[in-house]
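# Fold and geometry: a report
The chain contents come next:
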Amino acid sequence: MKPVDRHLADILAAVGPLAPLEVEVEAALGAVLAEDVASPVPLPPFDNSAMDGYAVRARDVAAVPVTLPVIGDVAAGDGGLNALGPGLVTRIMTGAPLPAGADAVVPVEWTDGGTARVRIDRPAPPGNAIRRAGEDVRAGDVVLREGTRIGPAQIGILAGVGRRRVLVRPRPRVVVLSTGAELSEPGTPLGAGHIWESNSFMLVAAVREAGAEGFRAGSVTDDPKEFMDTLDAQLLRADAVITSGGVSMGAYEPVKEALSPLGTVTFEKVAMQPGMPQGFGVVGPDRVPIFTLPGNPVSSFVSFVLFVKPALRAMQGLPAGPPATVRAAVTAPVRSPAGKRSYLRAVLSRDTEGTGETVAPVTGQGSHQLAALAAANALIVVPEDETSLPEGAEVEVIPL
């Protein structure tokens, strides 16, 4: 059987970052930057007031209370030239440019709020409530680096430095297709011998959580021609395809039957449990990567975590490799078949004394037991050369 790490390495060697494209800033959410972004101007671009209040010379309000004449107002967006002489104050609003000669702002709460004359009850030291030009960003500073995932705050700074368009690696478009004559759509009556189809819903959600765009193509029966017709129709909108089911050793395996003759998809046994039957390759004239995962729900999900998610990161130009792990003490003995790396569903938590992580295997480790997977937040990794580990043993754990 093929080692897990080698299977992942082969996948990552075959996929690469999607070509960058320029998009409107509003459409960049979730994409990954394909360029460094620098600010053409300092931020803020001018000294301005951080509060509603009065622009003053600090020396004029050093001894309080003091009453001074108000010579005018400066509002946010005021483009005029304003100046302040000794013993005078100007009413100023948040974000308004600081008048020449002023070196402090007295918040309105420290005053009687006067409009012609104002009584100031607290002194304001130089620089009080002033946002200095360039204190956030200097002109020419890089505010976002290539490889940054764009979230709401990143959208904000892109707009804040005047960018209307930005070069990104787009979110991969991933089509998910389930196979099996026994599958029925959720919400429809359940016939004899049928189950409601869940894998495509789960995998599309996992794709979206990984930063890609997921499209559910539903399910097909065990007819290889039907599978290929559906796959061909979906390739036009796909940067990658995920299938579940139809890759094992038995009869009625439509994915294997349909794709094996192409010679571009390899089906292998990977030394893992759950998820031993795996397939990967490319399809169509654009050589779209296809991940053919096993049909049992837990096997399909674990395969996604180990193989598909890293590949989606690589397609987005992000660092890609095996899932990150933490160390934890297992709360019960665990067993694993010789020669296979096991991934046991578990609940990861701090121990009762708060001194470290513990991980408790959930009841129900069968590859079909989706409810047990839904109750888990981690996978315990049991190496290939271990067949049992005692309670209290330190193990590698993949947080989900």
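Before reading further, recall that the structure is shown in the block above.
Read on for a plain summary of the structure. All values reported here derive from a predicted model rather than from experimental measurement.

Once that is clear, we can look at the overall build of the protein. Of the regular secondary structure elements, the protein holds 7 helices and 28 strands. Here the C-alpha atoms of the protein give a radius of gyration of 31 Å, more than 25% beyond the 21 Å that 2.2 N^0.38 yields for 400 residues. Structurally, the protein occupies a C-alpha span of about 95 × 55 × 45 Å along its principal axes. The contacts in the protein between residues at least 6 apart in sequence include a share of 71% that link residues at least 24 apart. Summed over its atoms, the accessible surface of the protein is roughly 18400 Å², and 54% of this surface lies on carbon and sulfur atoms. Both charge centroids of the protein, one from 34 positive and one from 44 negative side chains, sit 3 Å from each other.

Attention now goes to the packing of helix 3 (residues 199-209) against helix 6 (residues 297-315). Direction vectors running N to C along helix 3 and helix 6 enclose 25°, while the axes themselves pass 11 Å from each other. With respect to helix 6, the element helix 3 is oriented roughly parallel. The handedness of the crossing between helix 3 and helix 6 comes out as right-handed. Every residue of helix 6 that contacts helix 3 at N199, M202, L203, A206 and V207 is listed here: P297, S300, F301, F304 and L312.

On to the nonpolar core, then. Ranked by size, the top nonpolar core spans 38 residues in total, and within it I242, F291, F304, L312 and Y343 carry the most contacts. Taken together, the elements giving at least two residues each to this core come down to helix 1 (4-14), strand 13 (173-179), helix 3, strand 17 (240-244), strand 21 (288-293), helix 6 and strand 26 (378-382). Per-element accounting of this core gives the leading share, 12 residues, to helix 6. Residues within four places of Y343 in sequence aside, it is in contact with V4, M272, Q273, P274, V302, L306, L379, I380, V381 and I398. In terms of nonpolar packing, the next biggest core, distinct from the first, is built from 19 residues, V175, V220, M228 and V247 among them.

With that settled, the discussion passes to the sheet that holds strand 12 (residues 165-169). Pairing is antiparallel across the open sheet formed by 3 strands, whose spatial order is 1-12-2. Pairing within the sheet leaves two strands with one partner each, and these edge strands are strand 1 (21-24) and strand 2 (32-33). Alignment of strand 2 against strand 12, held across 2 bridges, turns out to be antiparallel. Within strand 12, the residue paired with V32 across the bridge is R169.

In this structure the tally under the stated criterion is 22 salt bridges. D47 serves as the salt-bridge partner of R132, at 3.0 Å between the closest nitrogen and oxygen. Of this pair, R132 sits in the loop between strand 10 (130-131) and strand 11 (142-144) while D47 sits in the loop between strand 3 (37-38) and strand 4 (48-49), and the two are 85 residues apart along the sequence. The network of salt bridges with common partners includes E22, E24, E26, R164 and R165.

Cut-offs used in this document
- Residues numbered from 1 in each chain as written.
- Predicted model: local features only at pLDDT ≥ 70, side-chain atom pairs only at ≥ 80, totals over all residues.
- Heavy atoms only, no water.
- Helix = DSSP H or I, 4+ residues; strand = E, 2+ residues; numbered from the N terminus.
- Rg over C-alpha atoms; globule rule 2.2 N^0.38 Å.
- Contact = heavy atoms within 4.5 Å.
- Areas by Shrake-Rupley, 256 points an atom, 1.4 Å probe, with all protein chains shown as cover.
- Lys, Arg positive; Asp, Glu negative; His and termini not counted.
- Charge placed at Lys NZ, Arg CZ, Asp CG, Glu CD.
- Axes fitted to C-alpha atoms, helices over the stretch in contact; angles between N-to-C directions.
- Parallel < 35°, antiparallel > 145°, perpendicular 65-115°, else oblique.
- Left-handed = near helix turned anticlockwise from the far one by under 90°.
- Core = buried A, V, L, I, M, F, W, Y, C linked by side-chain atoms within 4.5 Å.
- Buried < 20%, exposed > 50% of the residue type's maximum accessible area, 1.4 Å probe, protein only.
- Pairing = 2+ DSSP bridges.
- Salt bridge = Lys/Arg side-chain N within 4 Å of Asp/Glu carboxyl O.

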